[in-house]
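What follows is each chain in one-letter form.
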Amino acid sequence: MSPWALQVWLGLALSIVGIAMHRTGPAFKRHRFGAPVALLGLAVMLVHTQELPEPEAGLVQAMVDSMFWVVPGVFGATLVMLGAPLYWKSRPPALLAGWLLIAVAWYEVYAVAAGISPSDFLLSLAVLPGATLALLVFALCVRTAERMVPPEPVTEPLTERERRYVESVLSRHLRGDGGEP
């Protein structure tokens, strides 16, 4: 195996390690070295000075070709997540821009995979009104079904006797007795 092929596989391994590092930790505080390690792996994989041997050359070429749809897809998904309603407050400009970028990414996928023209792509979008109508009917049915179910009554607080019983059960289990009172 040539050193350049090893460089490609080392870069792929670094990218995977970086992604795994980024996924560790709570959602609000990711590992700070994850993204740089993943980008370093991507750079190691894509930047080379010699001609790569075959399967690695095909892998690198496929990655370069996929950048035309991966980049707008990732940015579009990020914008959609940022613009999604949070506590009933949405951000329509971010949502619109995100969905447009996702549409561009899908167009690139279709153009590469099937070699379709822009007019064929726009013609295939004719199914969107029907799909949207089906989703709206489904959401309306779910909403109607949820509104028909009566709300649960408010639970009464524990009586003094029930409270003492719960306390005794909990204290026995915490002590390790496990026996009846």
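Residues numbered from 1 in each chain as written. Predicted model: local features only at pLDDT ≥ 70, side-chain atom pairs only at ≥ 80, totals over all residues. Heavy atoms only, no water.

### Section: the pattern of salt bridges
A full pass over the atoms with the stated rule returns 2 salt bridges. With a shortest N-O distance of 2.3 Å, Arg-163 and Glu-160 are connected by a salt bridge. With Arg-163 and Glu-160 both in helix H7 (residues 160–175) and 3 residues apart, the pair spans about one turn of that helix. A relative accessible area of 35% means that Arg-163 is categorised as partly exposed. The partly exposed category is assigned to Glu-160, whose relative accessible area is 43%. Between Arg-163 and Glu-167 there is a salt bridge, and its shortest N-O distance comes to 2.4 Å. One end of the pair is Arg-163 and the other is Glu-167, both in helix H7 and 4 residues apart, which spans about a single turn. One network of salt bridges, in which partners are shared, links Glu-160, Arg-163 and Glu-167. (Salt bridge = Lys/Arg side-chain N within 4 Å of Asp/Glu carboxyl O. Helix = DSSP H or I, 4+ residues; strand = E, 2+ residues; numbered from the N terminus. Buried < 20%, exposed > 50% of the residue type's maximum accessible area, 1.4 Å probe, protein only.)

### Remarks on the nonpolar core
Note on soluble globular proteins: their nonpolar side chains tend to be buried together. Counting residues in each nonpolar core, the largest one holds 6 residues, listed as Val-8, Met-45, Leu-52, Ala-57, Val-60 and Met-63. Broken down by element, this core gets its largest block of residues, 3 residues, from helix H3 (residues 56–83). Contact partners of Val-60, with chain neighbours within four places excluded, come to Val-8, Met-45, Leu-46, His-48 and Leu-52. (Core = buried A, V, L, I, M, F, W, Y, C linked by side-chain atoms within 4.5 Å. Contact = heavy atoms within 4.5 Å.)

### Regarding the side chain of Ser-15
Looking at the secondary structure, you find Ser-15 in helix H1 (residues 3–23). Since its relative accessible area comes to 10%, Ser-15 is described here as buried. A polar side-chain atom of Ser-15 sits 3.3 Å from the main-chain carbonyl oxygen of Ala-38. Engagement of the side chain of Ser-15 in a polar contact is seen with the backbone nitrogen of Leu-42, the distance being 3.1 Å. (Polar contact = N/O pair within 3.5 Å; in protein donor to acceptor, adjacent residues only side chain to side chain.)

### Some thoughts on the packing of H1 against helix H2 (residues 34–46)
Where H1 meets H2, the closest approach of the two axes is 7 Å, and the angle between their N-to-C directions is 165 degrees. On the basis of their axis angle, the class for H1 and H2 is roughly antiparallel. Judged by the sense of rotation from one axis to the other, the crossing of H1 with H2 is left-handed. Contacts between H1 and H2 involve Gln-7, Val-8, Gly-11, Leu-12, Leu-14, Ser-15, Gly-18, Ile-19, Met-21 and His-22 from the first element and Gly-34, Ala-35, Val-37, Ala-38, Leu-40, Gly-41, Leu-42, Val-44 and Met-45 from the second. (Axes fitted to C-alpha atoms, helices over the stretch in contact; angles between N-to-C directions. Parallel < 35°, antiparallel > 145°, perpendicular 65-115°, else oblique. Left-handed = near helix turned anticlockwise from the far one by under 90°.)

### A few points about the environment of Val-104
Looking at the element boundaries, Val-104 is found in helix H4 (residues 92–114). Classification of Val-104 by relative accessible area gives partly exposed; the value is 40%. In this structure the C-alpha to C-alpha distance between Val-104 and Gly-76, which are 28 residues apart in sequence, comes to 9.0 Å.

### Here's the deal with the domain arrangement of the protein chain
A common way to express how large an interface is: the accessible area buried when the components associate. Taken domain by domain, the protein chain comprises domain 1 (1–52), domain 2 (66–114) and domain 3 (116–150). A separation of 24 Å is found between the C-alpha centroids of domain 1 and domain 2. (Domains from an automatic or database assignment.)

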